[in-house]
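# Coordinates in review
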Protein chains: 2
Amino acid sequence: MEKQTSKPKWTSAPVEKLQDCTRRLAAVAMGREKADTVIRGVRLVNVNTGEILPDTDIAIAAGRIALVGDASHTIGDATAVIDGAGRYAAPGFLDGHIHVESSMMTVREYARTVIPHGTTSIFPDPHEIANVLGEHGLEFMIADAEGIPLRVFTQMPSCVPAVPGFEETGAVLGPQETARFMAGDSIYGLGEMMNFPGVLGGDADTHSKIASTLAAGKTVTGHYSMPETGMGLNAYIASGVRCCHESVRAEDALAKMRLGMYAQIREGSAWHDLHEVIRSITERKIDSRFACLISDDTHPHTLIAHGHMDHIVRRAIQEGVDPITAIQMVTINAAQCFQMDKDLGSIAPGKIADILLISDLTSVQVETVFIGGAIVVEEGEMRVEIPASQCPDSIRNTIHVPHPFTAEDFAIPAPQNAGSAVTARVIQVLEAKVGTLAKTHSLPVVDGHVCADAAAGINKLAVVERHKNTGETGRGFVSGFGLRQGAVASTVAHDAHNLMIVGASEADMAVAANALTECGGGMVAVRDGEVIALLPLPIAGLMSEEPVQSINEKVQALDAAWKILGCDMVSPFMTMALVSLAVLPELRLTNKGLIDTTTYSFTGLFVE
Amino acid sequence: MEKQTSKPKWTSAPVEKLQDCTRRLAAVAMGREKADTVIRGVRLVNVNTGEILPDTDIAIAAGRIALVGDASHTIGDATAVIDGAGRYAAPGFLDGHIHVESSMMTVREYARTVIPHGTTSIFPDPHEIANVLGEHGLEFMIADAEGIPLRVFTQMPSCVPAVPGFEETGAVLGPQETARFMAGDSIYGLGEMMNFPGVLGGDADTHSKIASTLAAGKTVTGHYSMPETGMGLNAYIASGVRCCHESVRAEDALAKMRLGMYAQIREGSAWHDLHEVIRSITERKIDSRFACLISDDTHPHTLIAHGHMDHIVRRAIQEGVDPITAIQMVTINAAQCFQMDKDLGSIAPGKIADILLISDLTSVQVETVFIGGAIVVEEGEMRVEIPASQCPDSIRNTIHVPHPFTAEDFAIPAPQNAGSAVTARVIQVLEAKVGTLAKTHSLPVVDGHVCADAAAGINKLAVVERHKNTGETGRGFVSGFGLRQGAVASTVAHDAHNLMIVGASEADMAVAANALTECGGGMVAVRDGEVIALLPLPIAGLMSEEPVQSINEKVQALDAAWKILGCDMVSPFMTMALVSLAVLPELRLTNKGLIDTTTYSFTGLFVE
């Protein structure tokens, strides 16, 4: 699996600030001093002018590019000379919007996984862990990103909790916390502002978070998921939001770019927006400087099977985008979006030497990766060891529930005066869709309790508050998973990440809940009182310290277990993880109960 | 001439920072509050996507753009509604490199002159006045730019003096002064770094100035006037210089853009680089985001006869650039160069409402100018009064010389043992060229003094130190002006701006020098002991408080006077102003003597 022990440890010092090394760079460019590294004879993907320039050398010193052109005079005895061999040299790829937690890995394992795919910088919004651990979770993610080759420009989560009042989270990040982090050096912008109703409506706290970001000269990143591109989108952009990854139609992205907003076109594991949205570029002759490509949420299987930013660039090319234009979307355009183009996003003098050598530009085969001028990947394989994450106990023990659970915890009392059956509201999930449907179904009453109806595809559903040991539990019914036996549970349940359990058997629901409580959170499948598959996610109940391959194997085992229990859905845990997300239509369950998200109000479990 | 008194005074408050008005902008975009101004029915020059969008409205509030699209719902009883009448709406034009002093006007008069031509922001480098008055001159220029509609983003002069040791200036601005200004809010970047040898050579003071600029997150602007585009240009750019206006060949600009440097293509009064340099765009299909258009030095006549940024955009279009692309070069590209694109350079929500209404896109006829949402120009005429400049005595009395001058002050003693003639080195000036030629000529010796030879086209030349009352005078001979009688003098003499006199008559040279000393500097022509034309420039000996038309009339009168004295050159004072500029080939005269600029050494006046 991992061969870290055979690799040299990553020890490169952080790249110097440009103001601290201009004399050295000038001396190297002039040949008075010699380069640390020279890459000879590449075909330069010049994202500045949109050209391929043949037979170009790149001289590197102090982690930055000293010269692009003929570098013969910069080569000395101690200079490492790399033969470009006519390969394409492109700037390292930037992912402008991404949640590391979705990969269920630590930042360090994520780095090990994505760097071979050409990703050299990410702009993560750690709002999943922030919902569990607040500032402490944020600080853990920042610390986990230090001293590693991947450049991690962490964003301040803007919406913790996502839906105040409708669920219990582990933490609240308000305007004061935002202002304090913005004033520091560890945060590079405001994470996706999902509360667009608050922006449009002029909510004071929401605008205060934006204001402290703008005042710090940092970037407000967006999440505008409405199809409306008139007054609402204008109000959102006028409020200082600079980019948005929520376009699902070509016209959404086009409207945003026309209004000066960076359209971050998404191709994640679950959301395949690129095919449709890239038509904003391929079907029009527009200036594409406001177009970017991003991943948002990517799961281990996608990273292993398809890659990361290389995959997304490849997808854009497959859809008809010129390769240079596609590469601009993950380099200079992204750097300009975050106004970091003095350092990143192009192969040019003075810029940080994050460089990819690519053997074929259409299939985007990344062979070699330089980060800060150091070789990190050769022949597609990591060549340096990234030290293990330091995970203190304080981020591990986050499942706080009264336990052990028993089957009775998942009993649902029938309404007073109920007969032998009641009409219940049922959340119907849909495969590979984020929306649910609000359905009703007649369910039997036995001994004063309402039963699920596995034969009719209806399972029990529970969401247990797991941050503050209140045990507060929302209970309901869900159709679409189709469990005919057993139970599944997960502590990945957006965005509050409470403990969610789905089951055909209350007894197995209790076993599942107990199993996750004992391992610090994760995902589990149970049959006949036995755990048949388990992915422990001890970090905040969201992430594992294990290698990507190990996590992926356990995810595959869980998928197989779901099938055994009767569910044929693709990636059912991904669908399950959204059942509690009360920002999406139509019906959702949180620890506080059933929510009609078409009216943003709590609703009864039974139709009166 | 001026009709200021009939106009309302400019009283608009400065535009609010975006973070202070996002709630208001959102409320207006949503229609909850009403816009201050709505421009209806324009053809939008969308520089973001490079398109013309028909029938578009623009809603403005708090000096910024709240909405672009259909603004019907933002119009209330108090909203000023302007009929766009199908005209083109373009962002206000930005001039990314300009010296106001070259116009011989105050910043305020310059603003009155250029705003009707669509210029709404300038990035001036006041290095002329800084050579005379140092920080005090800089502060005057900053103060003169306050409270006026033109946005003035003053740059810190980087090279005062331009050629240390070869001339006496009124001030020195070193790394400490640079660092102090950079830390403040009144300076937006480092002015053109003319000392490219210092950058390439790693000079500590030069790199220190760059470092303090980069550390402040500001922009280092360039001046790289060599044809070399290899190691030197790489060293220069690697040192953090972001833009350069000195390209004179298409390949210069192309090389810069490829290396990630903004190529600021120049079309000034004297330097017509655009015709050649724009071929870097018109003859190639490159991404033009790194191309800008700038004016550098513009004289009153050009501003009156041709315009300012409208003229330069027009020139680019005449050379074959698409109008939208040309407008991008003076809007979004320039804003991105200075990383001010969150505020400037496009018509989009949240941006400052600097907007032009243009009747014809090819001829760039600017009819209406909005600045910060307020109408400043209608029907091509200024509609607001900009208050008069406040010019303290401390910037007026800058001519410090022992005087009165007499003819004897301009006598040139013959070398010991000279016979009836000597061979002297002569500076030959060339019409409309910045370079001079180093010539020699035999000149008669009379009474132990070397005489000029007006009949042979050779005049006397003197440069008198005028800052510190030393009276130190460099004396020499010049050919090419061809004065047959009288004398001319000027205190505009780059870059030290000492007192320069050219004459056929030593007595008239003294009269000319005395006339300028008495009026605080300027330009003068004298014949037979009488002043026949005079342009007083009492502000630092460089600028006048008078209106542009008045200055232009006096310049025209001076040009006529030169002709009377025997000079047929076009704009002879412009050529004369460079005779002392010891950064240009081949032979120059400063107050310290004759300089061979091919070897950067002083040289004797006579050939031994």
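Keep in mind that what you see is a predicted model, and the values were worked out from it rather than measured.

### Describing the relation of the copies chain B and chain A
- For the pair chain B and chain A, the relating rotation is 180 degrees, the translation along its axis is 0.0 Å, and the fit reaches an RMSD of 0.1 Å. In symmetry terms, the pair is related by a two-fold rotation axis. Using C-alpha coordinates, one finds that chain B approaches the rotation axis most closely at Gln339(B), a distance of 3.4 Å.
- A share of 97% of interface residues in chain B that are also interface residues in chain A marks the association as one of identical surfaces.

### Some remarks on the sheet that holds strand S30 (residues 601-602) of chain B
All names here are of chain B.
- Spatial ordering of the open sheet is given by S28-S29-S30, a layout of 3 strands whose pairing is antiparallel. For this open sheet the edge positions go to strand S28 (587-590) and S30, each flanked by a neighbour on one side alone.
- Bridge count for strand S29 (residues 593-596) against S30 is 2 bridges, and the pairing is antiparallel. Each residue of the ladder has a partner; that of Ile595, found in S30, is Phe602.

### As for the pairing of strand S20 (residues 436-446) of chain A
Residues and elements named next belong to chain A.
- As judged from the 9 bridges shared by strand S19 (residues 421-429) and S20, these two strands associate in the antiparallel manner. The residue of S20 that forms the bridge with Ala421 is Pro444.
- Across 2 bridges, S20 lies against strand S21 (residues 449-450) in antiparallel orientation. From the neighbouring strand, Val446 faces S21, where its bridge partner is His449.

### What to know about the environment of Met569(B)
Residue and element names in this part refer to chain B.
- Topologically, Met569 is positioned in the loop between helix H16 (548-565) and helix H17 (572-576).
- Once the C-alpha coordinates of Met569 and Ala432 are considered, the two residues, 137 residues apart in sequence, prove to be 8.4 Å apart.
- Dropping the residues within four chain positions of it, Met569 is found in contact with Val429, Leu430, Glu431, Gly480, Phe481, Lys563 and Thr575.

### So, the interface of chain B and chain A
- Facing 65 residues of chain B, the contacting portion of chain A comprises 63 residues.
- When the buried area of chain B at its contact with chain A is split by residue, Arg258(B), Arg289(B) and Lys342(B) rank highest and sum to 13% of it.
- Counting across the chain B and chain A interface gives 4 salt bridges.
- A salt bridge links Asp341(B) to Arg242(A); its shortest N-O distance comes to 2.7 Å.
- At the surface where chain B touches chain A, the tally comes to 31 residue pairs in polar contact (both at pLDDT 80 or more).
- The set of elements that each furnish at least two residues to the side of chain B that touches chain A consists of helix H1 (22-30), strand S2 (51-61), strand S3 (64-69), helix H5 (196-201), helix H6 (204-215), helix H7 (231-238), helix H8 (250-258) and helix H14 (332-337) of chain B.
- Tallied by class, the residues present in the side of chain B that touches chain A amount to 30 nonpolar, 22 polar and 13 charged.

### Digging into the side chain of His97(B)
All names here are of chain B.
- For His97, the position within the fold is in strand S6 (residues 93-98).
- A polar contact of 3.3 Å, which involves the side chain of His97, links it to the side chain of His99.
- Separated by 3.4 Å, the side chains of His97 and Glu192 make a polar contact.
- In contact with His97, other than residues within four places in its own chain, are Phe123, Asp125, Glu192, His245, Gln264, Ile294, Ser295 and Asp296.

### Describing the confidence of the model for chain A
- Confidence in the prediction of chain A, expressed as mean pLDDT, is 96, and 99% of residues score 70 or more.
- For this predicted complex, the interface score ipTM comes out at 0.95, alongside a pTM of 0.96.

### Here's the deal with the pattern of salt bridges
All names here are of chain A.
- Taken as a whole and assessed by the stated rule, the structure comprises 62 salt bridges over all chains.
- Between Glu319 and Arg315 there is a salt bridge, with the nearest N and O atoms lying 2.9 Å from each other.
- For Glu319, a relative accessible area of 22% translates into the label partly exposed.

### Structural notes on the packing of helix H3 (residues 127-144) of chain A against helix H4 (residues 175-183) of chain A
All names here are of chain A.
- At their nearest, the axes of H3 and H4 sit 12 Å apart, and the two run at 25 degrees to each other. As judged from the angle between their axes, H3 and H4 are roughly parallel. Judged by the sense of rotation from one axis to the other, the crossing of H3 with H4 is right-handed. Residues Glu135, Leu138, Glu139 and Ile142 of H3 pack against Glu177, Arg180 and Phe181 of H4.
- Here the residues of the contact of H3 with H4 sort into 3 nonpolar, no polar and 4 charged.

### Observations concerning the packing of aromatic side chains
All names here are of chain A.
- A complete count under the given rule lists 22 aromatic pairs over all chains for this structure.
- Consider the rings of Phe153 and Tyr188, whose centres lie 4.9 Å apart with planes at 80 degrees: the pair is edge-to-face. With a gap of 35 residues between them, Phe153 in the loop between strand S8 (151-152) and strand S9 (155-156) and Tyr188 in the loop between H4 and strand S10 (189-193) connect regions that are remote in the sequence.
- Among the aromatic residues, those joined into a cluster by ring pairs are Phe123, Phe153, Tyr188 and Phe338.

### Side note on the pairing of strand S24 (residues 487-490) of chain A
All names here are of chain A.
- Burial along S24 is two-sided: the residues Ala487 and Ala489 and Val488 and Ser490 are all buried.
- Relative to strand S25 (residues 499-503), S24 runs antiparallel, the two sharing 4 bridges. Paired with Ala487 across the two strands is Gly503, which belongs to S25.
- As paired elements, S24 and strand S26 (residues 522-527) share 4 bridges and run antiparallel to each other. Considered in S26, the bridge of Ser490 is made with Met523.

### Some points on the sheet that holds strand S20 (residues 436-446) of chain B
Residue and element names in this part refer to chain B.
- Pairing in this open sheet of 9 strands is mixed, and the strands run S21-S20-S19-S23-S22-S25-S24-S26-S27 from one edge to the other. Of all strands in the sheet, those bounded by a partner on one side alone are strand S21 (449-450) and strand S27 (530-536).
- On the sheet, helix H15 (residues 506-519) packs against strand S22 (458-464), strand S24 (487-490), strand S25 (499-503), strand S26 (522-527) and S27 and is oriented at approximately 145 degrees with respect to S26.

### What to know about the packing of helix H4 (residues 175-183) of chain B against H6(B)
Residue and element names in this part refer to chain B.
- Here H4 crosses H6 at 5 degrees, and the two axes come no closer than 9 Å. In terms of orientation, H4 and H6 fall into the roughly parallel class. Contacts between H4 and H6 involve Pro175, Thr178, Ala179 and Met182 from the first element and Asp205, Ser208, Lys209, Ser212 and Thr213 from the second.
- Partitioned by chemical class, the residues of the contact of H4 with H6 number 3 nonpolar, 4 polar and 2 charged.

### Side note on the environment of Asn46(A)
- Note on placement: Asn46(A) falls in strand S1 (residues 37-46).
- Judged by its relative accessible area of 1%, Asn46(A) is buried.
- For the pair Asn46(A) and Ala89(A), spaced 43 residues apart in sequence, the C-alpha separation works out to 8.7 Å.
- When neighbours within four sequence positions are excluded, Asn46(A) is seen to be in contact with Glu51(A), Leu53(A), Ile324(A) and Arg258(B).
- Within polar-contact distance, the side chain of Asn46(A) engages the backbone oxygen of Arg258(B) at 2.9 Å.

### Details of helix H6 (residues 204-215) of chain A
- In this model, H6(A) (12 residues) spans 16 Å end to end at C-alpha, consistent with the 16 Å of a helix rising 1.5 Å per residue.
- Three or more residues of H6(A) are buried, namely Thr206(A), His207(A), Lys209(A), Ile210(A), Ala211(A), Ser212(A), Thr213(A) and Leu214(A).
- Looking at the buried side of H6(A), the elements it contacts are H4, S10, helix H5 (196-201), strand S11 (219-222) and strand S12 (241-244) of chain A together with H1 of chain B.
- Positive backbone phi, at 70 degrees, marks Gly217(A), one or two positions downstream of H6(A).

### Considerations on helix H7 (residues 231-238) of chain A
All names here are of chain A.
- By the criterion of burial, H7 is predominantly enclosed, with 7 of the 8 residues buried.
- Along H7, the residues classified as buried are Gly232, Leu233, Asn234, Ala235, Tyr236, Ile237 and Ala238.
- In the segment just after H7, Gly240 is the residue with positive phi, at about 100 degrees.

### With respect to the environment of Val172(A)
All names here are of chain A.
- As for its placement among the helices and strands, Val172 is situated in the loop between S9 and H4.
- In the structure, Val172 is positioned 121 residues away from Leu293 in sequence and 30 Å away in space, judged by C-alpha atoms.
- Here Val172 is in contact with Val160, Pro161 and Glu177, once residues within four sequence places are set aside.

### Re the side chain of Ser103(B)
Residues and elements named next belong to chain B.
- Within the element layout of this structure, Ser103 appears in the loop between S6 and helix H2 (107-114).
- By relative accessible area, which is 0% here, Ser103 ends up buried.
- Sequence-distant contacts of Ser103, that is, excluding residues within four places in its chain, are made with Tyr110, Thr298, Pro300 and Leu303.

Rules used in this analysis
- Residues numbered from 1 in each chain as written.
- Chains lettered and ligands numbered in written order.
- Predicted model: local features only at pLDDT ≥ 70, side-chain atom pairs only at ≥ 80, totals over all residues.
- Heavy atoms only, no water.
- Least-squares fit on C-alpha atoms with pLDDT ≥ 70 in both.
- Contact = heavy atoms within 4.5 Å.
- Pairing = 2+ DSSP bridges.
- Helix = DSSP H or I, 4+ residues; strand = E, 2+ residues; numbered from the N terminus.
- Buried area = accessible area lost by both parts, 1.4 Å probe.
- Salt bridge = Lys/Arg side-chain N within 4 Å of Asp/Glu carboxyl O.
- Polar contact = N/O pair within 3.5 Å; in protein donor to acceptor, adjacent residues only side chain to side chain.
- Nonpolar A, V, L, I, M, F, W, Y, C, P; charged D, E, K, R; others polar.
- pLDDT = per-residue confidence, 0-100.
- Buried < 20%, exposed > 50% of the residue type's maximum accessible area, 1.4 Å probe, protein only.
- Axes fitted to C-alpha atoms, helices over the stretch in contact; angles between N-to-C directions.
- Parallel < 35°, antiparallel > 145°, perpendicular 65-115°, else oblique.
- Left-handed = near helix turned anticlockwise from the far one by under 90°.
- Phe/Tyr/Trp six-rings, centres within 6.5 Å; stacked < 30°, edge-to-face > 60°.
- Expected span 1.5 Å × (residues − 1).

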